[in-house]
Amino acid sequence: MAYQTLIVEVEDYVALIRLNRPEALNALNSMLLGELAEALKEADANDKVRCIVITGSEKAFAAGADIKEMSTKTSVEMFLSNFFGTESESLLRTRKPIIAAVAGYALGGGCELAMMCDFILCADNAKFGQPEINLGIIAGIGGTQRLTRFVGKSKSMEMHLTGRFMDAAEAERSGLVSRVVPLAQLLPEALATARKIASKSQVSVLAAKEAVNRAYETTLHEGVLFERRLFHSLFSTEDQKEGMAAFLEKREPQFRDR
Ligand code: HXC
């Protein structure tokens, strides 16, 4: 499908989704988030996709929700349209892993979008922030909750109350991103990581994603039980037999998603 605000390419079982509104530093408007939800739904249903990378430009992953679009809205309009609630929930329903490859600004809704992905790789020029306080609002698609879980209350609170940006080194130090790489390496590294994930058994990849996400949704005891049940069930797959046989025979496994 052709999109107006995204560029989507599929190669080597990886879908690369580029946010593409350069004139507004990839500010997230209704069209972009609607198209992103559609592209993710398509990628999730496409047998030729086993991992997804979302990226922006070298200057901006996304500089936030589109301030022009929001500026004249009333709270009733925001409420009735469930502003960005529907789109963000649909993003979270994606079962395949999503890597955010962040260069430049990831602010407001841009930071929130990156945090809704499964993990964030960033370039050394990345800047994260929740500057909504400067606009007389607060974060609206999970920032107060997710940033706090990533970096802890003190840092999250300071960022939400002051609107200050965090650079790449601080983001790595505080656990917001999994790794920082030089800007030129960001896309090659993100794609190589995605291809590595794509080479695993999809059954265990989807199970791992579900299990890690449970850590945010339930108690430790229930989460560990959920993990154990999934772990046990994976012994019914051919891929488990193949993976363990390949290790013992000192060869690469040939997973077949069975
Ligand atoms: C609409 C935006 C935008 C945004 C940038 N632009 N961010 N348009 N919404 N969030 C536009 C600018 O208006 C400008 O357009 C062009 O992109 C380039 O931006 P500049 O400001 O000229 O670039 P620069 O001086 O390099 O500054 C970069 C920046 C700054 C620091 C990222 O643009 C900035 O502060 N942007 C806003 C960040 C922000 O407050 N984000 C939170 C939004 S609220 P023109 O036409 O003038 O060239 C939010 C709520 C989420 O995200 C919850 C939703 C439910």
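Cut-offs used in this document
Residues numbered from 1 in each chain as written. Predicted model: local features only at pLDDT ≥ 70, side-chain atom pairs only at ≥ 80, totals over all residues. Heavy atoms only, no water. UniProt positions renumbered as here; feature names shortened; annotations may be inferred. Pairing = 2+ DSSP bridges. Helix = DSSP H or I, 4+ residues; strand = E, 2+ residues; numbered from the N terminus. Axes fitted to C-alpha atoms, helices over the stretch in contact; angles between N-to-C directions. Contact = heavy atoms within 4.5 Å. Parallel < 35°, antiparallel > 145°, perpendicular 65-115°, else oblique. Left-handed = near helix turned anticlockwise from the far one by under 90°. Nonpolar A, V, L, I, M, F, W, Y, C, P; charged D, E, K, R; others polar. Buried < 20%, exposed > 50% of the residue type's maximum accessible area, 1.4 Å probe, protein only. Right-handed = clockwise from strand over helix to strand, strands pointing away.

- Per an unreviewed UniProt entry, the chain carries the name enoyl-CoA hydratase and comes from Paenirhodobacter enshiensis.
- Under the UniProt heading Sequence similarities (unreviewed entry), the note attached to the chain is "Belongs to the enoyl-CoA hydratase/isomerase family."

**A look at the sheet that holds strand β1 (residues 6-11)**
- Pairing is mixed across the open sheet formed by six strands, whose spatial order is β1-β2-β3-β5-β7-β10. Edge strands, defined here as strands with exactly one partner in the open sheet, are β1 and β10 (179-181). On average, each strand axis in the sheet is tilted by 20° relative to the strand beside it, whichever way the strands run.
- Strand direction decides the pairing type here: strand β5 (residues 98-102) and strand β7 (residues 119-123), joined by four bridges, are parallel. Pairing of I99 across the sheet is with F119, part of β7.
- Packing of helix α9 (residues 186-198) onto the sheet brings it into contact with β2 (14-19), β3 (51-55), β5, β7 and β10, and relative to β7 it is tilted by some 155°.

**Points about the packing of helix α6 (residues 143-151) against helix α7 (residues 153-162)**
- In the contact formed by α6 and α7, the axes pass within 7 Å of each other and the chain directions differ by 140°. Of the possible angle classes, the one that applies to α6 and α7 is oblique. As for the relative orientation of α6 and α7, their crossing is right-handed in sense. Across from G143, T144, L147, T148 and V151 in α6, the residues of α7 making contact are K153, K155, S156, M159 and H160.
- Split by residue class, the contact of α6 with α7 holds three nonpolar, five polar and two charged.

**Some thoughts on the pairing of β3**
- Counting buried positions along β3 gives five out of five residues, so the element sits mostly inside the fold.
- Burial along β3 is two-sided: the residues C51, V53 and T55 and I52 and I54 are all buried.
- Note that β2 and β3 share five bridges and pair parallel. Residue pairing for β3: A15 is matched across the bridge by I52.
- Following the backbone out of β2, through helix α1 (residues 30-45) and into the adjacent parallel β3, one traces a crossover that is right-handed.

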